[in-house]
Amino acid sequence: MAHLDPVQSPATPPVVVTLGDALGIGPEIIVRAFLDGRTGPAGQTLVIGEPAVLRRAAAVWRQRADVPELPIAVIDSVADLPLVPPGALPVLLPSWRCPELAQAPWGTVDARCGRLAAACIRDAVALASRGEVSAIVTAPIHKEALFAAGEPYPGHTEMLAAESALHGQPADVRMMLANEELKTVLVTVHCALREAIERVTFDAVLSTLRIAHASAARWGQPTPRIAVAGLNPHAGEGGLFGREEIEVIAPAIAAARAEGIDARGPYAPDTVFMRARTGEFDVVLAMYHDQGLIPVKYLGVEQGVNVTLGLPFVRTSPDHGTAFDVAGRGVADASSLVAALAMARRLAQRSA
């Protein structure tokens, strides 16, 4: 992965972080990143969220003797960010509020959390669409809470695409998970495995190759070597274990190559990620969610970053979930959020 200068130009708008699920570890890792001074240049990061929830998260960390108090500075707009005192956490109020969540039990599914998380995401997309922020970094949401709130989206990726379209910027998006060793882009995302297989079509594979190729310039690779994983074991073994590779995936690769895209495969899924990790390829195209995400997460969730490709703005996220089992205990690791912030700034500078 290309390393870019992490220092953000003063002319580049700030990065906004969304709260995530109020009863998961999102608020804790946001606070931890600010406490540690790992959110990037001073005055260039703000949070959309419920102040009461963030104050409770700060109180969790204050239970440890070595953690100082973190002031919460509520601002009315992004333009107020330069007025925030040094060392304070700037918080922009969301369009829907629920201070009562600061008294709710940690690690529980709550429809109010889903509604609050969705409001924060919508507000962030509005800011990005107006150019007020250079990138969005999303803390983890809980899909059951989102569903309980009546939201029709199975995850961030689908919601961000829908919200972008509402702002007049329709987007065909794909999920990429990346760390310093491996980048993988998914053809299908949040759906049942049986449905994912049906969604692996010629158009879906070709479109994903186009999006991965076009997006690679943002991380400094205008001509990425893209390896395509097969859907079936051994990439179908010449049709013995399925014909998707012959009838769908290989023709899509051929079409992409005819457009000048350096796409290769399909390769056996059980070895292609290892080959990419050792430098043979720059990106791996995976056919479904777990096929692509397990290899990256196995290398360490603390450094993995989720990037949504195809949006008109930059969006990154930690590659882990809400971690309800450790929420509220002051043990959550903010490393993946910090990595997501750093990548968001790099990609935003490339896009400026």
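Residues numbered from 1 in each chain as written. Predicted model: local features only at pLDDT ≥ 70, side-chain atom pairs only at ≥ 80, totals over all residues. Heavy atoms only, no water.

Novice: How should I be thinking about the UniProt feature "binding site: a divalent metal cation" (unreviewed entry) in the protein chain in this particular structure?
Specialist: Mapped onto this numbering, the UniProt entry gives "binding site: a divalent metal cation" (unreviewed entry) at H190, H234 and H289. Taking the farthest pair of C-alpha atoms as the criterion, the annotated set spanning 100 residues is dispersed, since that pair is 24.0 Å apart. Ignoring anything within four residues of it in the chain, the contact list for H190 reads K143, P154, G155, T157, E158, M175 and H289. In terms of polar contacts, H190 uses its side chain to reach the side chain of E158, at 3.3 Å. In this structure, H289 sits in helix α10 (residues 289-298). For H289, a relative accessible area of 23% puts it in the partly exposed group. Leave out the neighbours within four places in its chain, and H289 touches L186, T188, V189 and H190. A distance of 2.8 Å separates polar atoms of two side chains, one belonging to H289 and the other to D290. (UniProt positions renumbered as here; feature names shortened; annotations may be inferred. Contact = heavy atoms within 4.5 Å. Polar contact = N/O pair within 3.5 Å; in protein donor to acceptor, adjacent residues only side chain to side chain. Helix = DSSP H or I, 4+ residues; strand = E, 2+ residues; numbered from the N terminus. Buried < 20%, exposed > 50% of the residue type's maximum accessible area, 1.4 Å probe, protein only.)

Novice: For this particular structure, what's the right way to read the UniProt feature "binding site: substrate" (unreviewed entry) in the protein chain?
Specialist: Under the UniProt annotation, the feature "binding site: substrate" (unreviewed entry) is placed at H156, T157, K297, N306 and R315. Among the secondary structure elements, N306 is positioned in strand β11 (residues 305-309). Classification of N306 as buried rests on a relative accessible area of 11%.

Novice: Can you help me understand the state of the cysteines in this one?
Specialist: Disulfide: a covalent bond connecting the sulfur atoms of a pair of cysteines. For the structure on display, the rule yields zero disulfides. Unpaired in terms of disulfides, C113 finds its nearest cysteine sulfur in C98, a separation of 7.6 Å. The buried category is assigned to C113, whose relative accessible area is 0%. (Disulfide = S-S within 2.5 Å.)

Novice: Explain the packing of aromatic side chains here, please?
Specialist: Two aromatic rings are characterised by how far apart their centres lie and by the angle between their planes. Tallied over the full model, the rule gives one aromatic pair. Ring centres 5.3 Å apart and planes at 35° place the aromatic pair Y267 and F281 in the tilted group. With a gap of 14 residues between them, Y267 in strand β9 (residues 263-267) and F281 in the loop between α9 (269-277) and β10 (283-286) connect regions that are remote in the sequence. Among the residues examined, F281 registers a relative accessible area of 3% and is labelled buried. Taking the ring centre of W106 as reference, the NZ or CZ of R56 above it sits at 4.1 Å. Here the basic side chain of R275 rests over the ring of Y267, its NZ or CZ set 4.4 Å away from the ring centre. (Phe/Tyr/Trp six-rings, centres within 6.5 Å; stacked < 30°, edge-to-face > 60°. Lys NZ or Arg CZ within 6 Å of the ring centre and 35° of its normal.)

Novice: Is there a simple way to think about the domain arrangement of the protein chain in this case?
Specialist: A common way to state how big an interface is: give the accessible area lost once the parts meet. The domain boundaries assigned to the protein chain delineate domain 1 (2-171 + 311-351) and domain 2 (182-293). Computed from C-alpha atoms alone, the centre-to-centre distance between domain 1 and domain 2 is 31 Å. Each side of the interface is counted separately: domain 1 has 14 residues, and domain 2 has six residues. In total, about 720 Å² of surface goes out of reach between domain 1 and domain 2, with carbon and sulfur atoms giving 51% of it. On inspection of domain 1 and its partner domain 2, the count reaches zero salt bridges. (Domains from an automatic or database assignment. Buried area = accessible area lost by both parts, 1.4 Å probe. Salt bridge = Lys/Arg side-chain N within 4 Å of Asp/Glu carboxyl O.)

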